[in-house]
Amino acid sequence: MLGLADLHSWVIFTSYMAFSVNQGLLVTATKDKNNQYNFNPTAVVLLVECLKLITCVALYLYQNKSVITMFQTIGKSYKAMFLYFVPAFLYSVYNNLTFVNLSKYDPTSYFILLQLRVVISGIIYQVLFKRKLTKIQWLSMIILTVGCMIKELDHQQIQGESLNLFNLFFSPSILLIVAQVLCSCFAGVYTEYLLKGYTSCGEVDIWIQNIFMYVNSILCLVVFLLFSQRLGTVLQWESVQSVLQTKVVLVIFNNAIVGLITSIFLKHLNTILKTFASSLEIVVTMVLSLAIFGIPVTPCAIVSTLAVGFAIQLYSRNPVASGVKVVESTTSSRVESVVSESSRGQIQI
């Protein structure tokens, strides 16, 4: 199913889903009775990036046992540092556009439009990897997009909001949504492109690549906070104190794990499969939300679940191959080969 050919692929896929679903449940649990957060979300984002950076350094040192080797590798791979500035910058723009777009759209409209990232990811994937997706793959992704949009209609029904589809898709603010979706999709596909060795990054250890990513992410976040004059607020003791709650700390650690698993996911699987994993989260979260928070299952949720299930079944007939481009250096030449994950007996991390 879904082109997951071995146990290692299933472990990565299910781990990503499990921690992502857990993230949604944890974030929901941190809201107060007024559906508001009593902590500084920006401070949480900054702490998550710092935690991911520290974890990657620790994992590399555990693997190689040498701080000197780590700095030597970083010095030799400085070009990769600049390459990772691109996705880090795009993710920072994406995060900032989230606040802008939520101020212009109601949450239901915002999340409906955000589902366009499934199809846009497919377009960018085709261009960057030079792989033409089949008609079945495109049809499954379109059905997946529609299924996710239907699920978001739940919020409109529960809150009694009116939804004008014409104004939704032809509002002047749609350009900002498109910009946000493009940032997210290109950053994700481009990160996969780097992790799989389609550039000089192929010779760099995955944890070093992640170090580059998170250093750039922290720098971009700090710069954006400076320009928006919010850095002082984040560094205030009240902001720091607000994130020291047990539930918020769990959100930070879980979010960091999701980020690390995502890099492994993109290296050994692919972006298209990640969109299906994200959509499956909707179904799993719906079931768990009913069991834990008593949130009712609506007709829209049922239709959405059926659509997602059909899309998965359709995609499984002809999944995108998860190939990794391996770059091997020798004294006289470089040999490049494409290795399918299904043929590998073990995943080296």
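Quantities reported herein were computed from a predicted structural model and do not represent experimental measurements.

1. Considerations on the overall build of the protein
Reasoning step 1: Summing up its helical and strand segments, the protein has 16 helices and 2 strands in all.
Reasoning step 2: Each of the 349 residues in the protein was classed as buried or not, and the buried ones make up 47%.
Reasoning step 3: Expressed as a percentage of contacts within the protein between residues at least 6 apart in sequence, the contacts between residues at least 24 apart total 80%.
Reasoning step 4: As presented, the protein carries roughly 17,500 Å² of accessible surface, and 67% of it is formed by carbon and sulfur atoms.

2. Here we look at the packing of aromatic side chains
Reasoning step 1: Taken as a whole and judged by the stated rule, the model has 10 aromatic pairs.
Reasoning step 2: For the ring pair Tyr16 and Phe265, a centre distance of 5.1 Å and an interplane angle of 55° mean the geometry is tilted. With a gap of 249 residues between them, Tyr16 in helix H1 (residues 7-29) and Phe265 in helix H14 (residues 246-268) connect regions that are remote in the sequence. The exposure classification of Tyr16 matches that of Phe265, with both residues buried.
Reasoning step 3: Seen from their ring centres, Phe186 and Tyr190 are 5.6 Å apart, and the 10° between their planes marks the pair as stacked. Of this pair, Phe186 and Tyr190 both sit in helix H10 (residues 174-195), separated by 4 residues, roughly a single helical turn.
Reasoning step 4: An aromatic cluster of at least three residues, connected via ring pairs, comprises Tyr125, Phe129, Phe186, Tyr190 and Tyr193.
Reasoning step 5: In this arrangement the basic side chain of Lys65 is found over the ring face of Tyr62, its NZ or CZ atom lying 4.6 Å from the centre.

3. Points about the packing of helix H15 (residues 271-292) against helix H16 (residues 299-316)
Reasoning step 1: With their axes 10 Å apart at the nearest point, H15 and H16 run at an angle of 150° to one another. Remark: the crossing between H15 and H16 carries left-handed chirality. Taken together, the residues of H16 that come into contact with H15 (itself represented by Ile272, Leu273, Phe276, Ser279, Leu280, Val283 and Met286) are Ala301, Thr305, Val308, Ala311, Ile312 and Tyr315.
Reasoning step 2: When grouped by side-chain class, the residues that make up the contact of H15 with H16 number 11 nonpolar, 2 polar and no charged.

4. Quick word on the confidence of the model for the protein
Reasoning step 1: On average, the protein scores 79 in pLDDT, and the residues at 70 or more come to 81%.
Reasoning step 2: Low pLDDT, under 50, characterises residues 326-349; the stretch is placed with 45 contacts to residues that sit more than four places away or in other chains.

5. What about a nonpolar patch on the surface?
Reasoning step 1: Taken together, the side chains of Leu290, Val297, Ile302 and Leu306 make up a nonpolar region of the molecular surface, amounting to roughly 360 Å² of accessible area.
Reasoning step 2: One can find Val297 in the loop between H15 and H16.
Reasoning step 3: For Val297, a relative accessible area of 35% translates into the label partly exposed.

6. A short note on the nonpolar core
Reasoning step 1: Of all hydrophobic cores here, the largest spans 86 residues; its most connected members are Leu2, Phe13, Phe265, Ile272, Leu273 and Phe276.
Reasoning step 2: When near neighbours in sequence (up to four residues on either side) are disregarded, Leu273 contacts Leu2, Leu4, Phe13, Phe265 and Tyr315.

7. Examining H10
Reasoning step 1: With 22 residues, H10 should reach 32 Å at 1.5 Å per residue; the first-to-last C-alpha distance of 32 Å fits that figure.
Reasoning step 2: Phi turns positive one or two residues past the end of H10, at Gly197, with a value near 80°.

8. Considerations on the packing of helix H2 (residues 41-64) against helix H11 (residues 206-227)
Reasoning step 1: At a minimum axis separation of 9 Å, H2 and H11 run at an interaxial angle of 160°. Relative to H11, H2 is oriented roughly antiparallel. For the element pair H2 and H11, the recorded crossing hand is left-handed. Contact residues: H2 offers Thr42, Val45, Leu46, Glu49, Cys50, Lys52, Leu53, Cys56, Val57, Leu59, Tyr60 and Gln63, while H11 offers Trp207, Ile208, Asn210, Ile211, Tyr214, Val215, Ser217, Ile218, Leu221 and Leu225.
Reasoning step 2: Classifying every residue of the contact of H2 with H11 by side-chain character gives 16 nonpolar, 4 polar and 2 charged.

9. Points about H1
Reasoning step 1: Here H1 contains 23 residues, and its C-alpha end-to-end distance of 32 Å stays within 8% of the 33 Å for a straight helix at 1.5 Å per residue.
Reasoning step 2: Residues of H1 that are buried include every one of Ser9, Ile12, Phe13, Tyr16, Met17, Ser20, Val21, Gln23, Leu25 and Leu26, and no others.
Reasoning step 3: As for H1, its buried residues are in contact with H14 and H15.
Reasoning step 4: If you check the start of H1, you find a side-chain oxygen 3.3 Å away from the backbone N of His8, and it comes from Asp6.

10. Observations regarding the side chain of Ser242
Reasoning step 1: Within the secondary structure, Ser242 is located in helix H13 (residues 237-242).
Reasoning step 2: Owing to a relative accessible area of 14%, Ser242 belongs among the buried residues under this scheme.

11. Concerning the pattern of salt bridges
As a working rule, side chains carrying opposite charge can pair if their charged atoms are close by.
Reasoning step 1: Inspection of every chain in the model, using the stated rule, returns 2 salt bridges.
Reasoning step 2: Residue Lys52 pairs with Glu49 through a salt bridge whose shortest N-O separation is 3.0 Å. Linking Lys52 with Glu49, this pair stays in helix H2, spanning 3 residues, or about one helical turn.
Reasoning step 3: Using a relative accessible area of 12% as the deciding quantity, one classes Glu49 as buried.
Reasoning step 4: We note a salt bridge from Lys196 to Glu192, for which the minimum N-O separation is 2.7 Å.
Reasoning step 5: Glu192 gets classed as buried once you look at its relative accessible area, which sits at 0%.

Rules and cut-offs
Residues numbered from 1 in each chain as written. Predicted model: local features only at pLDDT ≥ 70, side-chain atom pairs only at ≥ 80, totals over all residues. Heavy atoms only, no water. Helix = DSSP H or I, 4+ residues; strand = E, 2+ residues; numbered from the N terminus. Buried < 20%, exposed > 50% of the residue type's maximum accessible area, 1.4 Å probe, protein only. Contact = heavy atoms within 4.5 Å. Areas by Shrake-Rupley, 256 points an atom, 1.4 Å probe, with all protein chains shown as cover. Phe/Tyr/Trp six-rings, centres within 6.5 Å; stacked < 30°, edge-to-face > 60°. Lys NZ or Arg CZ within 6 Å of the ring centre and 35° of its normal. Axes fitted to C-alpha atoms, helices over the stretch in contact; angles between N-to-C directions. Left-handed = near helix turned anticlockwise from the far one by under 90°. Nonpolar A, V, L, I, M, F, W, Y, C, P; charged D, E, K, R; others polar. pLDDT = per-residue confidence, 0-100. Patch = residues over 30% accessible without salt bridge, like charges linked within 9 Å, V, L, I, M, F, W, Y side chains within 5 Å. Salt bridge = Lys/Arg side-chain N within 4 Å of Asp/Glu carboxyl O. Core = buried A, V, L, I, M, F, W, Y, C linked by side-chain atoms within 4.5 Å. Expected span 1.5 Å × (residues − 1). Parallel < 35°, antiparallel > 145°, perpendicular 65-115°, else oblique. Polar contact = N/O pair within 3.5 Å; in protein donor to acceptor, adjacent residues only side chain to side chain.

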